Amino acid sequence: MRRFLKGILITLGSIGLLGGLLIGGLNVIKFGIYHEYYSIRTNICTNPGLNDDAIPQGIAVSQDEDLILTSCYMKTNKPSRIYLTNTKNESRYVSLYQDDKEFKGHVGGIGISNNLVFLANGGYVSIFDLNYLKNATSRIDLTIKVKVNGEDGVASCVFANSKYLFVAEFHDGKNYITNHPIETNDGTYHAICSQYKLTDLSTPYRVYSIRNKVQGFCFTDDGRIVLSTSYGLADSIYYVYNQDKIVDSKETYLGAPLYKLDSYSKKVKGPAMSEDLDYKDGKVYTLTESASNKYIFGKLFNATKIVGLTF
């Protein structure tokens, strides 16, 4: 019996050693596979909530203070959350309520502009004051929401600057279907991103036709648009477009001028499960859900940070 137990321990130890060597080897190989991604990446801070059953979706960076917001739905039967964190890794969260009930929906992207917070929430965007969020001790109530992207539109990710709110859809053609087919040079796109003036969220100011599987959307100060695309275990792809190369269709869609993002200037491949985007001081901020307790594998590959990408 003693020899038997010793044999089992040796076998388990060997398996553990081989597993450790495999993970270590893959962690080295990833820098070759995603060389360009890691060459432009800077770690900003720890992505909060990953060990607390939170599954991060959205990111918003304050332009005025050291404050980063992440929006998350939960693996367990708890209300969705918004985490407030900073570059010193000081974090806390508030739970989301709607109609005075726990809100457990699959929240999406989040954005900040002019002291307002915009949260993607199904086919709507919920809006609330940033100070309300900062002063909340345990919960906030989503009382104001606006329909976006048309009657059957979806709100998956958002980006906000000082003048505009952008709300993009996610379409994968199988499990998540949107209904905005538009012909482009790359074929038929089915998702859109609507641009709204902050002074008028009733009708889009512009509409952009975008590719499948968009998880994040942002504008940079030097006149570029960046999209993050991902789904499942496939590589994340970041597409960069020059604004002056965007195709003006000379048509209208949802009552607004229609533009087509079908000619990117740069494409960067990165690790799986990239999510929302925001922009500050020359960096595109993003995060991944791969290291959450739902997916776990990202914990093995150090995918636990909010990062800044310099394209």
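Residues numbered from 1 in each chain as written. Predicted model: local features only at pLDDT ≥ 70, side-chain atom pairs only at ≥ 80, totals over all residues. Heavy atoms only, no water.

Caption draft 1: Main features of the confidence of the model for the chain. With 91% of its residues at a pLDDT of at least 70, the chain reaches an overall mean of 92. Per-residue pLDDT stays below 50 along residues 9-26; that stretch engages in three contacts with residues further than four places along the chain or on separate chains. (pLDDT = per-residue confidence, 0-100. Contact = heavy atoms within 4.5 Å.)

Caption draft 2: Quick peek at the state of the cysteines. According to the stated counting rule, one finds zero disulfides in the structure shown. Residue Cys193 stays outside any disulfide, its sulfur separated by 6.7 Å from that of Cys157, the closest cysteine. Of all cysteine sulfurs in the structure, the one in Cys157 sits closest to Cys218, which takes part in no disulfide; the separation is 10.0 Å. (Disulfide = S-S within 2.5 Å.)

Caption draft 3: Fine view of the sheet that holds strand β16 (residues 191-197). The strand order β12-β13-β16-β17-β22-β21 describes an open sheet built from six strands, whose pairing is mixed. The open sheet has two edge strands with one neighbour each: β12 (157-160) and β21 (247-253). Strand after strand, the sheet turns through a mean of 25° between neighbouring axes, direction not considered. Pairing geometry for β12 and strand β13 (residues 164-168), over four bridges, is antiparallel. Bridge assignment links Cys157 to a residue of β13, and that residue is Ala168. (Pairing = 2+ DSSP bridges. Helix = DSSP H or I, 4+ residues; strand = E, 2+ residues; numbered from the N terminus. Axes fitted to C-alpha atoms, helices over the stretch in contact; angles between N-to-C directions.)

Caption draft 4: Spotlight on the nonpolar core. Within the largest apolar cluster, 35 residues are counted, with the highest numbers of intra-cluster contacts made by Tyr208, Ile210, Phe217, Ile225, Leu227, Leu261 and Phe311. Setting aside anything within four residues of it in sequence, one finds Phe311 in contact with Ile40, Arg224, Val226, Tyr238, Val240, Lys266, Val268 and Val284. Ranked by size, the runner-up nonpolar core spans 19 residues in total, among them Leu69, Ile82, Phe103 and Ile112. (Core = buried A, V, L, I, M, F, W, Y, C linked by side-chain atoms within 4.5 Å. Buried < 20%, exposed > 50% of the residue type's maximum accessible area, 1.4 Å probe, protein only.)

Caption draft 5: Main features of the layout of surface pockets. When its volume is computed, the largest pocket comes out at roughly 520 Å³. Lining the largest pocket we find 26 residues, and of these Gln57, His106, Phe170, Tyr176 and Gln215 sit closest to its centre. The set of elements that each furnish at least two residues to the lining of the largest pocket consists of β18 (214-219) and β24 (274-280). Residue composition of the lining of the largest pocket, by class: twelve nonpolar, eleven polar and three charged. Approximately 440 Å³ is the volume attributed to the second largest pocket. If you go around the second largest pocket, you meet 28 residues; those closest to its centre are Tyr34, Pro271, Ala272, Phe297 and Phe301. Breaking the lining of the second largest pocket down by element, the ones donating at least two residues are α1 (2-33), α2 (35-39), β20 (236-242), β25 (283-288), α4 (297-300) and β26 (305-309). A total of four residues in the lining of the second largest pocket trace back to one element, the largest contributor, which is α1. Residues that form the lining of the second largest pocket fall into these classes: 16 nonpolar, eight polar and four charged. (1 Å grid on protein atoms, 1.4 Å probe; cavity = no way out; pocket = protein on both sides within 12 Å on 5 of 7 lines; lining within 4 Å. Points joined across faces, edges and corners; volume = space filled by probe spheres on them. Nonpolar A, V, L, I, M, F, W, Y, C, P; charged D, E, K, R; others polar.)

Caption draft 6: Up close: the environment of Lys305. Structurally, Lys305 can be placed in strand β26. Judged by relative accessible area, which is 29%, Lys305 ranks as partly exposed. Taking the C-alpha atoms as reference, Lys305 lies 26 Å from Gly122; in sequence the two are 183 residues apart. In contact with Lys305, not counting residues within four places along its chain, are Asn43, Cys45, Thr46, Asn47, Thr286 and Leu287. A polar contact is formed between the side chain of Lys305 and the side chain of Thr46, at a distance of 3.4 Å. (Polar contact = N/O pair within 3.5 Å; in protein donor to acceptor, adjacent residues only side chain to side chain.)

Caption draft 7: Here's a closer look at unusual backbone geometry. The backbone of Asp53 shows a phi angle near 70°, a positive value even though the residue is not glycine. With respect to the helices and strands, Asp53 occurs in the loop between β1 (41-46) and β2 (54-61). Look at Met273: it is not a glycine, yet its phi comes out positive at around 70°. With respect to the element layout, Met273 can be found in the loop between β23 (266-270) and β24. The exposure class of Met273 is buried, given its relative accessible area of 5%.

Caption draft 8: Highlighting the pattern of salt bridges. Inspection of every chain in the model, using the stated rule, returns nine salt bridges. Across the salt bridge formed by Arg224 and Asp222, the nearest N and O atoms sit 3.2 Å from each other. Overlapping salt bridges bring together Asp100, Arg139 and Asp141 as one network. (Salt bridge = Lys/Arg side-chain N within 4 Å of Asp/Glu carboxyl O.)

Caption draft 9: Region of the structure containing the sheet that holds strand β9 (residues 124-129). One open sheet holds the four strands; their spatial order is β7-β8-β9-β11, and the pairing between them is antiparallel. Either end of the sheet is taken by a strand with one partner, and the two such strands are β7 (110-113) and β11 (144-147). Strand-to-strand twist in this sheet, taken as the mean axis angle between neighbours without regard to direction, amounts to 25°. Taken together, the four bridges between β9 and β11 define a ladder with antiparallel strand orientation. The residue of β11 that forms the bridge with Ile127 is Ile144.

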